[in-house]
Amino acid sequence: MAITLFSHPSCYLHLAGDEHPEQPARLSAVNDQLIRSGLEFVVQQRDAGAAAATDLYAVHSKLYVDEIYAKAPKDGHIWLDPDTQMMPHSLNAALHAAGAAINAVDLVMSDINQQAFCNIRPPGHHATRDQAMGFCIFNNIAVAAGHALKQYGLERIAIVDFDVHHGNGTEDIFAGDERVLFCSSFQYPLYPNTGDVPSGDNIENLPLPALCKPAVWREQITQHWLPHINAFKPQLILVSAGFDGHREDDMAQFLLTENDYHWIAQQLKQLADTHCQGRIVAVLEGGYALSALGRSVVAFLKGLM
Ligand SMILES: [Zn+2]
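No experiment lies behind these values; they were computed from the predicted model shown.

Trainee: Go over the coordination of the zinc ion with me, naming the residues and quoting the values.
Mentor: The protein atoms that coordinate the zinc ion are Asp163 (OD), Asp163 (OD), His165 (ND1) and Asp244 (OD), at distances spanning 2.0 to 2.8 Å. Viewed at the metal, the 4 donor atoms of the zinc ion are separated by angles of 52 to 151 degrees, and the geometry they form is irregular. Mapped onto the polypeptide sequence, the residues donating to the zinc ion form the spacing pattern D-x1-H-x78-D. With Asp163 in the loop between strand S6 (157-161) and helix H6 (168-174) and Asp244 in the loop between strand S9 (236-241) and helix H8 (258-275), this pair connects stretches of sequence that are 81 residues apart. Pair check on accessibility: Asp163 and Asp244 agree, each one buried.

Trainee: Give me unusual backbone geometry: which residues, what numbers.
Mentor: Between Arg121 and Pro122 the backbone carries a cis peptide bond, its omega angle lying at 0 degrees. Its location among the elements puts Pro122 in the loop between strand S5 (115-118) and helix H5 (140-152). Each neighbour pair has its own omega, and for Tyr188 with Pro189 the value is 0 degrees, a cis peptide bond. Tracing the backbone through its elements, the reader meets Pro189 in the loop between strand S7 (180-187) and strand S8 (203-208). Phi at Gln277 takes a positive value of approximately 55 degrees, unusual for a residue other than glycine. Mapped onto the elements of the fold, Gln277 is located in the loop between H8 and strand S10 (280-284).

Trainee: Explain empty space enclosed by the protein to me, using residue names and the numbers behind them.
Mentor: By the definition in use, this model includes 1 cavity of 30 Å³ or more. Taken as a whole, the largest cavity holds about 30 Å³ of empty space. As for the largest cavity, its lining consists of His14, Ala16, His20, Glu22, Asp83, Thr84, Gln85 and Phe135. Counted by class, the lining of the largest cavity contains 2 nonpolar, 4 polar and 2 charged residues.

Parameters at a glance
Residues numbered from 1 in each chain as written. Predicted model: local features only at pLDDT ≥ 70, side-chain atom pairs only at ≥ 80, totals over all residues. Heavy atoms only, no water. Donors = N, O, S within 2.8 Å, 3.2 Å for Na, K, Ca; no water. Tetrahedral: all angles 85-135°; square planar, octahedral: opposite > 155°, others 65-115°. Helix = DSSP H or I, 4+ residues; strand = E, 2+ residues; numbered from the N terminus. Buried < 20%, exposed > 50% of the residue type's maximum accessible area, 1.4 Å probe, protein only. 1 Å grid on protein atoms, 1.4 Å probe; cavity = no way out; pocket = protein on both sides within 12 Å on 5 of 7 lines; lining within 4 Å. Points joined across faces, edges and corners; volume = space filled by probe spheres on them. Nonpolar A, V, L, I, M, F, W, Y, C, P; charged D, E, K, R; others polar.

Below is the structure:
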């Protein structure tokens, strides 16, 4: 058991807007629950470095990345899309969020049986190759995968996204790339209203209706994802860990609880133990009901142990 938690102070400074659900208190809620649960004694905490523009070019267009650097405001704020704001701390936060994902990959590739969780924001999975979307500026999990492919020459990476929203950005970036198997479960229809028809043979989407019960969610994953990932034999498992499918989270209408996040962590750990010496990197995506988010992350981390 060796779980490392990457974060950075800048991730607390990005403000997404007044009354915005994607708030710094989300990261504190995770930390508070880690302390309350006693897990802080077994989880190593590390400060993340910043991603370089070249790391971002691996999965985003150069035009888009350069435009984000150029647009980053010195004061005030700008809107990249109706949900996604940049203020003076946002670029630094986004670079450290992506940097955390890179550091986490380097860590788990450095030794066997290493797992890492990135407690970071802004989240990433809606950011497409060319576009900021849905609170996301850079696609952190895609940057992690891009780094693992390039730096370590991996040939098979599984990305599992259990956020209640479709990981449209990650699908956009990796559709048709046979080195990546992308599995996304999400409420459908719901923002961003994509994913019902997968855009490549390497995409395993599970669109599920509102009020989806834990038993149905687990059964779908057991039937569709676990055998597929097992047959794929991943050399690394990456997780877009969004906890907004929790029944207390009003961002959507799934009925999951922290027990379900514990369960999926156990399933992924088993697959990682079988195929890739336990190597798992998880990156925080959604999760807006603060207490449920903290409890869910702790349950997920316990499932990895
Ligand atoms: Zn979400």
